[in-house]
Amino acid sequence: MIYQRSSQLFAEAEKVIPGGVNSPVRAFKAVGGTPIFVKSAKGAYLYDEDGNRLIDYINSWGPMVLGHAFEPVVEAVVAKAQLGTSFGMPTELETQIAALAVAMVPNIDKIRFVNSGTEACMSAIRLARGYTKRDKIIKFAGCYHGHSDSFLIQAGSGAITFGSPNSPGVTAGTAKDTLLARYNDLENVATLIEANKNEIAAIIVEPVAGNMGCIPPQKGFLEGLRQLCTDNGIQLIFDEVMTGFRLAKGGVQELFGIQADIVCFGKVIGGGLPVGAFAARSEIMNHLAPLGPVYQAGTLSGNPLAMAAGLAMLQALNNDDAVFQRLEEKTAYLEAGIDRVLKANNVVFTINRVGSMISVHFDANPVVDFQSAAKGDNDTFKKFFHGLLQEGIYIAPSAYETWFITDALTYEDLDVTIQAIDKVSKTF
Ligand SMILES: *Cc1c(COP(=O)(O)O)cnc(C)c1O
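Source: prediction; values computed, not measured. (Residues numbered from 1 in each chain as written. Predicted model: local features only at pLDDT ≥ 70, side-chain atom pairs only at ≥ 80, totals over all residues. Heavy atoms only, no water.)

Is there a simple way to explain the environment of D422 in this structure?
As for its placement among the helices and strands, D422 is situated in helix α14 (residues 411-425). Residue classification places D422 among the partly exposed positions, given a relative accessible area of 23%. Residues D422 and E223, 199 residues apart in the sequence, show an inter-C-alpha distance of 39 Å. Apart from residues lying up to four places away in sequence, D422 is in contact with V341 and N345. (Helix = DSSP H or I, 4+ residues; strand = E, 2+ residues; numbered from the N terminus. Buried < 20%, exposed > 50% of the residue type's maximum accessible area, 1.4 Å probe, protein only. Contact = heavy atoms within 4.5 Å.)

Structure, rendered in structure tokens:
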């Protein structure tokens, strides 16, 4: 396949947009080459500026779980646009989507809508800090909670307690309040809590990690976090921006039967428009302004186009009792196919999967945390990525990403993909 016009468009973009993109991972830096410029998309397919059709395994990084240009979402947005696109005043629509989300997700009474997953996580930790009157938070290496200062933190040199900024522009003052733990390592978390007695407001976690590939929580990990939080007066925040409305109607809280204190949403909840949200039981949510003292606001929050898209998406998921089962079966079929052809071609690999989140790691060892995810062979990944692109298959341009399976994929699409992986992996 030829991606000539995309290359030209990228050169034009680079002149006026830093790196030619509005979000770094789109730039193909981890795999080399130039990004594909998309023109349109429908169902499981992308159509690019060169006239290529690609089978899409990113799906806008998650939101398009029912496929691109999903008819009910498109219709809802078009109809709303005719009636005015923003008011800065309350609408009935906001109550409708809030009520549906609260009905679908266990253990939440109230929900506040924002414009991105970043905002949701940023606001959730402020709420947790306001509620507990404590400053510090624990996050896990390799988990992503958006690009706000408190989360752009790496392990501090030698110190087990303090984090340090992993981007210029994040102050040391902010970094000192974020402690970094290893995913799937309860003992590590317990040590941090012990060393910072009565100072930790929240533990924030991707309950199934998706930003270092897909990494499932090991048996007892989430249960252990719940117990540690309960015992120490710490708020447990599930960042379900990726997993929410994807792994189950009620997200990981439902899937594994574990209750968080605050839950963050994004991606699917907006049906492809810019939406995030955070939610909790009333007792916690009532601390938010205007009811309580914890400030949080947004000019475009609850925007009617975004809420119309989100409501149509949640309704479609809520009304389809088989959708999560279908996603599970399709992804399991893909997993079995990839496993079969990679083994046949003597490739060293590990596949991780939970429901419709799946990742292929080019390493023989179990991938259970950031350290083990980082061991994957990136040269092989680059060959894999570019080989698949030549076959018309679009996976995330980084080895640290999960694939996002959409229900719009047919078994024929999956077979085409498995055959392409067979062909490409013969060239490793
Ligand atoms: C994508 C993501 C975010 C950030 O959401 P944005 O809408 O990109 O700001 C936060 N947390 C998780 C788990 C995510 O996957």
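Can you help me understand the pattern of salt bridges in this one?
Any two side chains of opposite charge can pair, so long as their charged atoms come close to each other. Per the counting criterion, the structure on display carries 18 salt bridges. K15 is the partner of E12 in a salt bridge, and the nearest nitrogen-oxygen pair spans 3.2 Å. Here E12 pairs with K15, and both are found in helix α1 (residues 4-16), just three residues apart, close to one helical turn. Looking at E12, the relative accessible area reads 45%, which means it is partly exposed. Of the residues examined, K15 reaches a relative accessible area of 62% and is grouped as exposed. (Salt bridge = Lys/Arg side-chain N within 4 Å of Asp/Glu carboxyl O.)

In this structure, what is going on with the sheet that holds strand β15 (residues 393-394)? I would like to understand it.
Strand pairs in the sheet, formed through backbone hydrogen bonds, run parallel or antiparallel to each other. Taken together, four strands build an open sheet; the order of strands is β1-β2-β3-β15 and the sheet is mixed. Each edge of the open sheet carries a strand with a single partner, namely β1 (38-42) and β15. By the bridge criterion, three bridges tie strand β2 (residues 45-48) to strand β3 (residues 53-56) in an arrangement that is antiparallel. Each bridged residue has a counterpart across the sheet, and for Y47 the counterpart in β3 is R53. (Pairing = 2+ DSSP bridges.)

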